[in-house]
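# Fold and contact review
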Amino acid sequence: MNDGIVLLAKQPNQTSFYSLNSVKKALGTSKVGHTGTLDSFAQGLLVVCVGKMTKLAGNITEFDKSYEAVIQFGEETDTLEYTGKVIRKTRLPKLDLLEKVVKEHIGLQMQTPPDFSAIHINGKRASDLARAGQQADIPKRQINVFEAKISESLLDKEGNVSACKIFFLVSKGTYIRSLARDIARECGSSGHLIGLYRTKVGNFRIEEAAGYDLLDAFTIESCIKRVGEYRRLVSEVSDIEKDDKKAQAGKKSELLNNLDIQKDEIVKKEIREKIKSFDKEAAALCGFYTLELKNTEIEKEIENGKNIRSSWFIESTDSIPDGKNIAVFSGERFCALIYKALKNEKMNFFYKFVVK
């Protein structure tokens, strides 16, 4: 079965695109689509749609997400995480002030995304403009921080906070890097992320993901250790490139991705074992309403794109809110994704896509 949803635990210092290679190899398909990437330095949950279910990807991106983030204070980088260049140095914040500022960041707010982001400005990625040394005018966006709580802190001898770990539950479109920047600045300090761990996407949890057991414990100490390992690898690469750029052209990718064959085989095995077929349970996890057809003959009407009638379904459709995604099933088979909307003063059903 190559049609379904894969929950994948992305390892740190890999791109989301690179991580999808494990899914492609495990299931022998190139037809995969993610429902939201993670920055290369980050780790955690990727929800991946496979085969015919790739059509779902654009419809399950509205989820709230849970993160654990480790902020290191005293320095801000251009990328707002540890692989960037330091652009600002300041004093460290006090714990009581930090706790106050973190609490104040709960709720609706306007956020400025990072300069290094995938947001398009006049047809160009903000990150490409930033690398070219151009200042992008990125508009603020409204986000919602539902929860924010410090779970671990590291203090220096004077009682200042050198690093802390914060749990965040946030709406779609929230940049945790920007939250780290803003929290640090409002403490009269500066900061950047040295670790980011996505633990939940909607109702999907990291504990169910292929490769979850390969993730290291996420603590301030483990993040500091990983940063040190990364910088040693970068130094090695730099030395190699200085010695012989041409002969070692592929060495940089090999060293920085640092994914050994044994781990990759474990992940691929778990992907094959854990791929979820898109059934009513999976639809509920995606936050979709579900309806079942009264008989299999109506499947042909669906496949031919005929006007949808409420009489086709076993369940009543009256209580389903307008605009909400509805997964249509014929027995156990997923047939289509539809929604309700008002047209010409009458409630109608409309197709998002049909599965053939």
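Remember, it's a predicted structure, so these values are computed and weren't measured experimentally.

## What about unusual backbone geometry?
Notably, N13 is not glycine yet its phi reads approximately 65°, a positive angle. Within the secondary structure, N13 is located in the loop between β1 (4-10) and α1 (16-27). Here the phi dihedral of L80 falls at roughly 70°; this positive angle occurs in a residue that is not glycine. Looking at the secondary structure, you find L80 in the loop between β5 (75-77) and β6 (86-89). Residue L80 is classed as buried on the basis of its relative accessible area of 5%.

## Focus on the environment of V227
Residue position: V227 is located in helix α5 (residues 220-243). For the pair V227 and Y67, spaced 160 residues apart in sequence, the C-alpha to C-alpha distance is 19 Å. Contact partners of V227, with chain neighbours within four places excluded, come to Y82 and I194.

## Here we look at helix α4 (residues 176-186)
Most of α4 is tucked away, with nine of its 11 residues classed as buried. Buried within α4 we find I176, R177, S178, L179, A180, R181, D182, I183 and A184. At the exit of α4 stands G188, carrying a positive phi of roughly 75°.

## What about the nonpolar core?
If you look at the biggest cluster of nonpolar residues, it comprises 79 residues, and the most contacted ones within it are F168, F278 and F334. Discounting residues that sit within four places of it in the chain, F334 has contacts with M53, L56, F278, A327, V328, F329, F353 and V355. With 15 residues, the next largest nonpolar core counts L291, F313, V328 and I338 among its residues.

## A word on the sheet that holds strand β14 (residues 289-292)
As summarised here, the arrangement of the four strands in space is β14-β15-β16-β17, forming an open sheet in which the pairing is mixed. Each edge of the open sheet carries a strand with a single partner, namely β14 and β17 (346-354). Within the sheet, the average angular offset between the axes of one strand and its neighbour, ignoring direction, is 35°. In the sheet, β14 pairs with strand β15 (residues 326-330) via four bridges, with the strands oriented parallel. Note on β15: the bridge partner recorded for E292 is F329.

## Quick word on the pattern of salt bridges
For the structure on display, the rule yields 18 salt bridges. Its salt-bridge partner being E104, residue K100 comes within 2.7 Å of it at the nearest N-O pair. On the criterion of helical spacing, the pair formed by K100 and E104 is a turn pair, its members being four residues apart in helix α2 (residues 95-104). Of the residues examined, K100 reaches a relative accessible area of 47% and is grouped as partly exposed. A single network of salt bridges, built from pairs that share partners, joins E68, E152 and K165.

## A look at a positive patch on the surface
Taken together, the side chains of K31, K52, K55 and K356 define a basic patch exposed on the protein surface. Tracing the backbone shows K31 in the loop between α1 and β2 (32-34). On the basis of relative accessible area, K31 is assigned to the partly exposed category, the value being 46%.

Rules used in this analysis
Residues numbered from 1 in each chain as written. Predicted model: local features only at pLDDT ≥ 70, side-chain atom pairs only at ≥ 80, totals over all residues. Heavy atoms only, no water. Helix = DSSP H or I, 4+ residues; strand = E, 2+ residues; numbered from the N terminus. Buried < 20%, exposed > 50% of the residue type's maximum accessible area, 1.4 Å probe, protein only. Contact = heavy atoms within 4.5 Å. Core = buried A, V, L, I, M, F, W, Y, C linked by side-chain atoms within 4.5 Å. Pairing = 2+ DSSP bridges. Axes fitted to C-alpha atoms, helices over the stretch in contact; angles between N-to-C directions. Salt bridge = Lys/Arg side-chain N within 4 Å of Asp/Glu carboxyl O. Patch = residues over 30% accessible without salt bridge, like charges linked within 9 Å, V, L, I, M, F, W, Y side chains within 5 Å. Areas by Shrake-Rupley, 256 points an atom, 1.4 Å probe, with all protein chains shown as cover. Lys, Arg positive; Asp, Glu negative; His and termini not counted. Charge placed at Lys NZ, Arg CZ, Asp CG, Glu CD.

Nothing here speaks to function; it is geometry throughout.
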